[in-house]
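# Structure at a glance
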Amino acid sequence: MPTNTSPNDESSENPLELFLRIGLEEKTARNTVANNKVTNNLIAVIHEAGVADGCSRAVGNLLYTVATKFPANALVHRSKLLEYIVSSKIKTAAQLEAAFSFFSRVGSEQFRLTEFEEACGVGVEVSNEEIENTVNEVFEEKKSSILEKRYRTNVGELFAPVRDRQPWADPKIVKQLIDMKLRELLGERTAADDEKPSRKKEKPAKVEVQAVAADPSPAQPSEEELNPFSIFPSPSENFKVHTEIFLSDGHVLRTRNTREILDKHLNVTGGKVLTRFPPEPNGYLHIGHAKAMFIDFGLAKERGGHCYLRYDDTNPEAEKQEYIDHIYEIVKWMGWEPFKVTYTSDYFQELYDLAVKLIQNGCAYVDHQTPDEIKEYREKKMNSPWRDRPIAESLKLFEEMRCGMIEEGKATLRMRQDMQNDNKNMNDLIAYRIKFTPHPKAGDKWCIYPSYDYAHCVVDSLENITHSLCTLEFEIRRASYYWLLDALDLYEPYVWEYSRLNVAHTIMSKRKLNRLVTQNYVDGWDDPRLMTLAGLRRRGVTSTAINSFVRDIGITRSDGSMIQLDKLEYHIKDELNRTASRRMVVLRPLKVVITNLEADSILDVDARNWPDPKSEDNSTYKVPFSRTVYIERSDFRMKDSKDYYGLAPGKTVMLKYAYPIKCTDVIFGDDKETILEIRAEYDPKKLTKPKVLHWVSEPSPGVDPLKVEVRLFDKLFLSENPAELGDTWVEDLNPNSKVVVPDAYAVSSLRNAIIGDSFQFERLGYFVVDKDSTSEKLVFNRTVSLRDSYKGGK
């Protein structure tokens, strides 16, 4: 390998320049620099590989993957892997993932190079002919499905079986052959293949015919882009070392399933993937939970397995039936179907019995320290005075806790882990505490309740979960998770952590969300300004748009990224552009009198439901054009300018779908400043084609247009990351996050809109009918404006 750069050089160089030298794309490099953890890892990897002066993009991308995914329990072997990457003995993503699996299994132990090379396919060359034969086999097996779905076939479902049979095949060649085989079997794409089905049954489907790319060799997506779940191992592979727990006495606990335990698990599950979505019913779900659902339910669906909806109901003081009902309803709305609905409380007896076993094994004890004392002793790494009490004494006291014979706060059951461990989550965590509070589901049967740290891993095991997936803040809990299962000799699921979904200008903490709701800073859990899923739905955001957004940001372990609102809005608009018909609404009306039109004259004009020229839907709705029309007050100025498209004295504009009008006079109020109305003449022959304005007209002489309320929502917080503001975060609330327009004018055809109907108000944005609407007055929430600042569209 090339000579390593000295540490002094390493600390003084510019990380961005270093990352660009190894071939990372500038966007990836800049995102990496924003994440201190990944930056430090990648710098170390580059210098360890000896490529600080640069390398090929292919090698650089593999190094980036090593920096973000290399198993922490095998860091002593990282240099060996880097040697194979730099020498191009390992050159594909599949080989690299195989290397990760190998090192995860062996941990820090010595290994044979021949076994490593065999596991990673070093030296194995798969010919194009072999790949083509395998692709043909897969197509033959799936031919009927492909012919039925045509180009709507999920390419990932074709890619996966090829990968399973030829793991070392070049994925780019595999993708090219799959594309070629699809064209050979189906012929050229047709307009019907690109048809976008309508989201609403009553509306005819819109068709978008996408141009066929002229480049015969477009950039091929990675396997992970084709199938984001390809990174997860199969259940049968769950015999490798999960983690190494370095104990303070020098011993290392390497946790893994024995073959006997794994075989028993596989016999029960049939080898199927089992995941769980485990929300705590103490509030409403937010967009971060949408990512969790996508990963938990999505992995199970992709692998033909099942996903539990499990309520983590171990804290009766914070849980409500309202939250339980909401969670189930939102999961279904998001498009997911739980395999079973379970509760941690379903397992209270099993959890208690296992806690007794833990005490009997010398791995738990009853403690009498106060919360402050526990905190102090943990900070000082000191043992509790009751840590070494006799097992029989702890068993007796734990039974007294269960029977309600000990006061609340006077005793806890603590796991006997490792008080001197640097990992605070190994410092004798609490397993049970006393709470004389009835449980929403279990009633008053129990007065002791298990903690999250005790219950969640045990229930994962009892439910035979294959993949226990959670966010990165739980990574530090991995040691205690596996320590407990090992102490109880239980089956151990595969644990994997992913980055939290952080969206700009909002907060995700349930505690802070609860404060906003209970202290009336917002109008309930479904306030459209919140990033709760109920709030997003009320704002008019669809579940398909949310899932599309989550899939786009990917399943990553990068923990420092802040997702801008415009990326979410891109997916919302992409969906609504296809499903929301167009209407005209004037928010702040300015009266315009058409002086050359008879007072009792009403001309019906046809306005298109789908003005997009690409749309084949030519349906229309009728709009009356009468002597009195209304335009936006902001669409008139007394002084015209070249960059102003609105109406001005002596200027002509086009009223969309109707006629050109020319301003002939302006009527002012008594203050000589307030404009009361505009006088104008229309051109029935449409001899000019000026700039277009939206408008609304009196439906009949002297009758006001349909009056509606419109609510304009903006970002809830002024700062990008209000969570960083500490105790002053509430002061950062945007005072203009909700603006109510009580008396907007709308076209008459909106009169029959019902709650949940979405429309594009032309030139204004996308809006949805709110639940506050009545038979007397409709209320519309702005979902998103038409302004588009996102540059990363697909």
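Residues numbered from 1 in each chain as written. Predicted model: local features only at pLDDT ≥ 70, side-chain atom pairs only at ≥ 80, totals over all residues. Heavy atoms only, no water.

### Thoughts on the packing of aromatic side chains
Inclusion rule: Centre distance within 6.5 Å is the pairing criterion for rings of Phe, Tyr and Trp, where only the six-membered ring of Trp is used; planes under 30 degrees apart are then read as stacked, over 60 as edge-to-face, and the remainder as tilted. Counting from the N terminus, the helices are DSSP H or I runs at least four residues long and the strands are E runs at least two residues long. Type-normalised accessible area, obtained with a 1.4 Å probe on protein chains alone, sets the label of each residue: buried when under 20%, exposed when over 50%, and partly exposed for intermediate values.
Per the stated rule, a full pass over the model turns up 35 aromatic pairs. A centroid spacing of 5.8 Å and a plane angle of 50° characterise the contact between tyrosine 352 and tryptophan 446, whose relative ring orientation is tilted. Placement of the pair is tyrosine 352 in helix 17 (residues 348-360) and tryptophan 446 in the loop between strand 10 (430-434) and strand 11 (448-450), with a sequence separation of 94 residues. Using a relative accessible area of 7% as the deciding quantity, one classes tryptophan 446 as buried.

### Here's the deal with the state of the cysteines
Put simply, the rule is: The definition used for a disulfide is geometric: two cysteine sulfur atoms within 2.5 Å.
Within the structure shown, the criterion is met by 0 disulfides. You can see cysteine 403 has no disulfide; the closest cysteine sulfur is in cysteine 447, sitting 7.7 Å from it. Using a relative accessible area of 42% as the deciding quantity, one classes cysteine 403 as partly exposed. Of all cysteine sulfurs, the one in cysteine 470 lies closest to cysteine 457, which takes part in no disulfide; the gap is 11 Å.

### As for the sheet that holds strand 25 (residues 706-713)
Sheet strands pair via backbone hydrogen bonds, and the direction of the pair is either parallel or antiparallel. Filter applied, for reference: Two strands are said to pair when DSSP picks up at least two bridges between them. Residues are treated as being in contact if the distance between any of their heavy atoms lies within 4.5 Å. Every angle, taken between N-to-C directions, lies between 0 and 180 degrees, and every axis is a line fitted to C-alpha atoms, over only the stretch in contact when it is a helix.
Read from one edge of the open sheet, 7 strands run 14-27-28-29-25-26-15, paired in mixed fashion. Bordering the open sheet on either side are strand 14 (581-583) and strand 15 (585-586), each of which pairs with just one other strand. For strand 28 (residues 765-769) and strand 29 (residues 779-784), the ladder comprises 4 bridges, and the chain directions are antiparallel. Opposite valine 768, over in strand 29, you have asparagine 781 as the bridge partner. Against the sheet, helix 25 (residues 565-579) engages strand 14, strand 27 (758-761), strand 28 and strand 29, with an angle of about 125° to strand 29.

### A few points about the sheet that holds strand 8 (residues 364-367)
Overall, antiparallel pairing links the 4 strands, which are arranged 8-9-10-11 in an open sheet. Of all strands in the sheet, those with a lone pairing partner are strand 8 and strand 11, marking the two edges. Along the sheet, successive strands turn relative to each other by an average axial angle of 20°, direction set aside. Pairing between strand 10 and strand 11: 3 bridges, direction antiparallel. Among the inter-strand pairings, arginine 433 is bridged to a residue of strand 11, identified as tyrosine 449.

### Observations regarding the pattern of salt bridges
Selection criterion: What makes a salt bridge here is a side-chain nitrogen of Lys or Arg within 4 Å of a carboxyl oxygen of Asp or Glu, nothing more.
Taken as a whole, this structure holds 50 salt bridges when the rule is applied. Between glutamate 400 and lysine 396 there is a salt bridge, with the nearest N and O atoms lying 2.6 Å from each other. You can see glutamate 400 and its partner lysine 396 sitting in helix 19 (residues 391-402), 4 residues apart, about one turn around the helix. Of the charged contacts, one joins arginine 538 and aspartate 526 as a salt bridge, the two residues approaching to 3.3 Å between their closest N and O atoms. Of this pair, arginine 538 sits in helix 23 (residues 533-539) while aspartate 526 sits in the loop between helix 22 (510-518) and helix 23, and the two are 12 residues apart along the sequence. Overlapping salt bridges bring together Asp526, Arg538, Glu709, Arg711, Asp770, Lys771 and Asp772 as one network.

### Here we look at the pairing of strand 26 (residues 738-746)
The sheet contact formed by strand 15 and strand 26 spans 2 bridges and is antiparallel. If you follow valine 586 over to strand 26, its bridge partner there is tyrosine 745.

### Structural notes on the packing of helix 24 (residues 543-553) against helix 25
Spelled out, the test is: Throughout this description, any angle smaller than 35 degrees is read as roughly parallel, any larger than 145 degrees as roughly antiparallel, any in the 65 to 115 degree range as roughly perpendicular, and the remainder as oblique. Crossings are sorted by hand: turned counterclockwise from the far helix by less than a right angle, the near helix makes the crossing left-handed, and turned clockwise it makes it right-handed. All amino acids are sorted into three groups, where Ala, Val, Leu, Ile, Met, Phe, Trp, Tyr, Cys and Pro are nonpolar, Asp, Glu, Lys and Arg are charged, and the leftover types, Gly among them, are polar.
Two elements in contact, helix 24 and helix 25, have axes separated by 9 Å at closest approach and are oriented at 135°. By the angle between their directions, the pair helix 24 and helix 25 is classed as oblique. Of the two possible hands of crossing, helix 24 and helix 25 adopt the one that is right-handed. Facing Thr544, Ala545, Ser548, Phe549, Asp552 and Ile553 of helix 24, the residues of helix 25 in contact are Lys567, Leu568, His571, Ile572 and Glu575. Taken together, the residues of the contact of helix 24 with helix 25 sort by class into 5 nonpolar, 3 polar and 3 charged.

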